[in-house]
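Chain and residue survey
The lines below spell out each chain.
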Amino acid sequence: MSDKIPVTVLTGYLGAGKTTLLNRILTEEHGRKFAVIVNEFGEIGIDNELVVGADEEIFEMNNGCICCTVRGDLIRIVEGLMKRKGKFDAIIVETTGLADPAPVAQTFFVDADVGAAAKLDAVVTVADARWLLDRLKDAPEAKNQIAFADVILLNKTDLVTKEQLEEVEARIRGLNPYAKLHRTQKCAVPLDAVLGREAFDLERILEIEPAFLEDGGHHHEHDEAHGHGHDHAHEHDHGHHHDQEGHDHAHDAKDAASASAKAHSHGGLKHYHDEEMQSVSARIEGEVDPEKFMPWINELTQTRGVDILRSKGILAFKDEPKRFVFQGVHMILDGDLQRPWQEGEKRESKIVFIGRHLDEAAIRAGFLACAA
Amino acid sequence: MSADAPSPESVSLTEHVTSFALAAHVTGTCFLGETAGFALGDGRVVLRLGEEAREIAAHAGAVQVFTHDAKALYTGGDDGRLLRIEASGDIETIAHEKGKWIDAVALSPTGALAWSAGRSVKAREKSGAMKEITAPSSVRGLAFAPKGYRLGFAHNGGASLWFPNASSPPELFDWKGSHLDVTFSPDGRFLVTSMQENALHGWKLADKKHMRMTGYPAKSRSLSWTHDGKWLATSGAEACILWPFADKDGPMGKAPRECGVRRARVTAVACHPKAPVTAIGYDDGCVLMCRLSDGAELLVRRASSFTGAISALGWNDAGARLAFGTAEGAAGWLDLPPLR
Ligand SMILES: [Zn+2]
């Protein structure tokens, strides 16, 4: 298990700073050796011994479904890299700006050889604080990348006002409240913010609370990123910005939310609802019946999987001393019994979906009907 | 091992095996006369004559693909180079595809050579005349037809047959899915590919009739024709699976044969060049020889999982020696004792 090579997927719209992050990872003193799979080979200097040019060949699987796709080139490259086993400790896959992260992620679940050799660590999305709101309006790929992410670097925060930053962050949270969000300049983050996340490791899916609740509204500012002092965003308002003092947020129209997003505020903290892409969570304060839940989740992901980007759940099955944990990408589900419920731990069941046009009421009702 | 099979301890060839460590994934192995050649995942090629080993730093990366003829081995690397290396150690650089990997290489019986790098497929006649074509997707499998200057290449959506010297476009043999390796039956009547989804696909060239060969628990990436061309031995199951190709319609409607059934996955197969015998390598490092007439097994190498899965097998032309290598860099050869 543990000798599987971890794979970090870097996504982000054109110009957001993916290559900056990549070079930062590669040049930091960490003693790790990376194999880097890039899409535009040779165009940008990448300071690494082992760089492989890929061509993002998306192959459909034989079930004829449009969301069931894998990266054929990645299967070939990972297989080839395994011939050099021992020469690198981790793989980084940089996708094109227009790429959908799903086929990359699905490759690790669908291809048994790739899955035996390597494990997906996290999908890290770099977003441009200045242009993300525009891209969310005109580029479905950008929205996909945000919704799919485990870690989001909201980069170039020095190029926007504080209000613009709050705005774009609220929009990100409207799409994906579960990702770890880091405000960055020049992608300055400690490496452990983007590497070794184990976001796809069932053993590590401990909590699926929205990240911003879990963190008490903290932004992940990188004051701890010693050695990159000039890149720090020195901001200490913890996101609860009742104060509208001073800053000129009257730049232009792009600080307005996109037409499809509705904002409302609770005591100053903005919430956005994106009409296309949402997250839906549901909780049962107790156990579920696996005889009901398994058919339901299979049916839901088979029929609605095209629109479900990511799913996760931690469940208390009736008469089962262990927690059942699952995760999914579109129709592909990966689930297992995990550690035992602990003494005093509340046996409850929770699921989360991120996707397009999700029928929140139906998902909730369907899940609640699985109660034991 | 099936319950009624003789215990491998009783019919063992292990005392005739010479073993050594090569410290890198063995991509391919063969014999060039008395010299055994091993192409490795750290870019080296090791030429070994008896106790004497000669190391050649052939590639800057890994040897990704490998083939050979009687005189030389041909290695394609992720440094983009395609090399021809003789037993003497002489190296010739045949191609350098900058910034790409060599993904497949194939030789024709008449000495033509083909290789692929991404979607680019190149064929070179013995005279040196070269032709190039762009495939619909990256090509991982190449094979020359047994007769004529005709090249098969596998790709997403099927396989194509190309006459490099003709102006006509390649002829497509379509089947949905991603096709990896490709091979012609020795009589030239059938084309077979291995696929992404744990299956083989075959076409009868005359009428393009399809053959689905399924039931594998893993991808079948090692394919070898028996010496008489009647069976195709394949990896990917917990036995060597042999498909019958002697009849007019090949394996259509027929069940395959199994030999060397064990609780380990077959990762490499190599049919003996002269006898109905197949060498079978497993993911636990075991190597067996299996006689097809009665399924009798001979143990060549004991399972030893920490030395890795068998990744390469190769007979010498006479069928008296068998070289092997593993994914973790163990290697060796068997010198078959005179038959009793
Ligand atoms: Zn699908």
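The shown structure was predicted, so the numbers you read here are calculated from the model rather than taken from an experiment.

Conventions used here
- Residues numbered from 1 in each chain as written.
- Chains lettered and ligands numbered in written order.
- Predicted model: local features only at pLDDT ≥ 70, side-chain atom pairs only at ≥ 80, totals over all residues.
- Heavy atoms only, no water.
- Helix = DSSP H or I, 4+ residues; strand = E, 2+ residues; numbered from the N terminus.
- Rg over C-alpha atoms; globule rule 2.2 N^0.38 Å.
- Contact = heavy atoms within 4.5 Å.
- Areas by Shrake-Rupley, 256 points an atom, 1.4 Å probe, with all protein chains shown as cover.
- Lys, Arg positive; Asp, Glu negative; His and termini not counted.
- Charge placed at Lys NZ, Arg CZ, Asp CG, Glu CD.
- Domains from an automatic or database assignment.
- Buried area = accessible area lost by both parts, 1.4 Å probe.
- Salt bridge = Lys/Arg side-chain N within 4 Å of Asp/Glu carboxyl O.
- Polar contact = N/O pair within 3.5 Å; in protein donor to acceptor, adjacent residues only side chain to side chain.
- Buried < 20%, exposed > 50% of the residue type's maximum accessible area, 1.4 Å probe, protein only.
- Donors = N, O, S within 2.8 Å, 3.2 Å for Na, K, Ca; no water.
- Tetrahedral: all angles 85-135°; square planar, octahedral: opposite > 155°, others 65-115°.
- Pairing = 2+ DSSP bridges.
- Axes fitted to C-alpha atoms, helices over the stretch in contact; angles between N-to-C directions.
- Parallel < 35°, antiparallel > 145°, perpendicular 65-115°, else oblique.
- Nonpolar A, V, L, I, M, F, W, Y, C, P; charged D, E, K, R; others polar.
- Phe/Tyr/Trp six-rings, centres within 6.5 Å; stacked < 30°, edge-to-face > 60°.
- 1 Å grid on protein atoms, 1.4 Å probe; cavity = no way out; pocket = protein on both sides within 12 Å on 5 of 7 lines; lining within 4 Å.
- Points joined across faces, edges and corners; volume = space filled by probe spheres on them.
- Core = buried A, V, L, I, M, F, W, Y, C linked by side-chain atoms within 4.5 Å.

In this section: the overall build of chain B. Scanning chain B for helices and strands turns up zero helices and 30 strands. Here the C-alpha atoms of chain B give a radius of gyration of 19 Å, agreeing with the 20 Å that 2.2 N^0.38 yields for 340 residues. Once the C-alpha set of chain B is aligned to its principal axes, its extents read approximately 60 × 50 × 30 Å. Restricting the contact set of chain B to residue pairs at least 6 apart, pairs at least 24 apart contribute 40%. Within the structure as shown, chain B displays about 13500 Å² of accessible surface, and the carbon and sulfur contribution to it stands at 50%. Here chain B contributes 37 positive and 36 negative side-chain charges, whose respective centroids are spaced 5 Å apart.

On to the domain arrangement of chain A. Residue and element names in this part refer to chain A. In terms of domain boundaries, chain A breaks down into domain 1 (5-234) and domain 2 (253-368). With 42 residues of domain 1 at the contact, the number on the domain 2 side is 41 residues. Roughly 3600 Å² of surface becomes buried between domain 1 and domain 2 when both sides are summed, with 62% attributable to carbon and sulfur atoms. Salt-bridge contacts for D150 lead to R310; the nearest nitrogen and oxygen are separated by 2.8 Å. Here domain 1 and domain 2 share eight residue pairs in polar contact (both at pLDDT 80 or more) between them. Within the residue set of the side of domain 1 that touches domain 2, elements represented by two or more residues are α3 (101-110), α5 (132-138), α6 (140-148) and α7 (162-175).

Okay, the pattern of salt bridges next. All names here are of chain A. By the definition in use, this model includes 45 salt bridges over all chains. With its nearest N and O atoms 2.8 Å apart, the salt bridge here joins E276 to K143. Residue E276 is found in the loop between β11 (269-274) and β12 (277-284), and its partner K143 is found in helix α6; the two are separated by 133 residues along the sequence. On the basis of relative accessible area, E276 is assigned to the partly exposed category, the value being 25%. Under the relative-accessibility criterion, K143 is labelled buried at 5%. Two residues, K346 and E285, come together in a salt bridge whose shortest N-O distance is 2.4 Å. One end of the pair, K346, is in the loop between β15 (332-340) and β16 (349-356); the other, E285, is in the loop between β12 and α9 (290-304), with 61 residues separating them in the sequence. Owing to a relative accessible area of 58%, E285 belongs among the exposed residues under this scheme.

A few words now on the coordination of the zinc ion. Bound to the zinc ion are the protein donor atoms C65 of chain A (SG), C67 of chain A (SG), C68 of chain A (SG) and M331 of chain A (SD), situated 2.2 to 2.7 Å from the metal. In this structure, the zinc ion is coordinated by four donor atoms arranged in tetrahedral fashion, with angles at the metal of 93 to 125 degrees.

What follows covers the sheet that holds strand β11 (residues 113-117) of chain B. The strands that make up a sheet pair up through hydrogen bonds in the backbone, lying either parallel or antiparallel. Residues and elements named next belong to chain B. A sheet is described by the order of its strands in space; here four strands give the open sequence β10-β11-β12-β13, paired in antiparallel fashion. Two strands close off the open sheet at either side, each with one partner strand: β10 (104-107) and β13 (130-134). The mean inter-strand angle of the sheet, taken between neighbouring strand axes irrespective of direction, is 15 degrees. Note that β11 and strand β12 (residues 120-124) share five bridges and pair antiparallel. The partner of A117 across the bridge, within β12, is S120.

Let's shift gears to the packing of α9 of chain A against helix α10 (residues 360-368) of chain A. All names here are of chain A. Viewed as axis vectors pointing N to C, α9 and α10 meet at an angle of 160 degrees, and their least axial separation amounts to 10 Å. The orientation of α9 relative to α10 falls into the category roughly antiparallel. Across the interface between the two elements, F293, W296 and L300 from α9 touch I363, G366 and F367 from α10. Split into classes, the residues belonging to the contact of α9 with α10 amount to five nonpolar, one polar and no charged.

Quick look at the packing of aromatic side chains now. Residue and element names in this part refer to chain B. Per the counting criterion, the structure on display carries 14 aromatic pairs over all chains. Measuring from centroid to centroid gives 6.1 Å for F144 and Y149, while their planes differ by 15 degrees, and the two rings are stacked. A relative accessible area of 18% places Y149 in the buried class. Taking 5.2 Å as the distance between ring centres and 70 degrees as the angle between the ring planes, the aromatic pair formed by F190 and F245 counts as edge-to-face. Taken together, the positions of F190 in strand β17 (residues 190-195) and F245 in the loop between β22 (240-244) and β23 (257-259) put the pair 55 residues apart, joining distant regions of the chain. In this structure F190 comes out as buried when scored by relative accessible area, which is 0%. The exposure class assigned to F245 is buried, which follows from its relative accessible area of 1%.

Quick look at empty space enclosed by the protein now. This model, assessed by the stated rule, comprises four cavities of 30 Å³ or more. Of the pockets and cavities examined, the largest cavity occupies roughly 110 Å³. Along its surface, the largest cavity is lined by 15 residues, and F59 and G72 of chain A together with R140, S178 and L180 of chain B are the ones closest to its centre. The element contributing the most residues to the lining of the largest cavity is helix α2 (residues 72-81) of chain A, with four residues. Its residues assigned to classes, the lining of the largest cavity shows three nonpolar, eight polar and four charged.

What follows is about the pairing of strand β16 (residues 171-184) of chain B. All names here are of chain B. Here strand β15 (residues 151-162) runs beside β16; their pairing, made up of five bridges, is antiparallel. Each residue of the ladder has a partner; that of L161, found in β16, is E171. Where β16 and β17 come together, four bridges link them in antiparallel fashion. Paired with F184 across the strands is L191, a residue of β17. Connecting the antiparallel pair β16 and β17 is a turn made up of five residues, with G188 showing a positive phi of about 75 degrees.

With that out of the way, let us pick up α6 of chain A. Helical periodicity: at 3.6 residues per turn, an α-helix aligns residues three or four positions apart in one direction. Counting buried residues in α6 of chain A gives seven out of nine residues, a clear majority hidden from the surface. Those residues of α6 of chain A lying buried are A142, K143, N144, Q145, I146, A147 and F148 of chain A.

Ranked by internal contacts, the top residues of the largest apolar core, which has 83 residues, are L21, I37, L81, I91, L153 and V194 of chain A. For this core, the element with the highest residue contribution is strand β7 (residues 118-128) of chain A, accounting for seven residues. In this structure, this core is formed jointly by two domains, domain 1 (5-234) and domain 2 (253-368) of chain A, each of which donates at least three residues. Not counting residues within four places of it along the chain, the set of residues in contact with L81 of chain A comprises A35, I37, L50, V52, F88 and I91 of chain A together with Q64 and W101 of chain B. F326, I351, F353 and C370 of chain A belong to the second-largest nonpolar core, a separate cluster that totals 19 residues.

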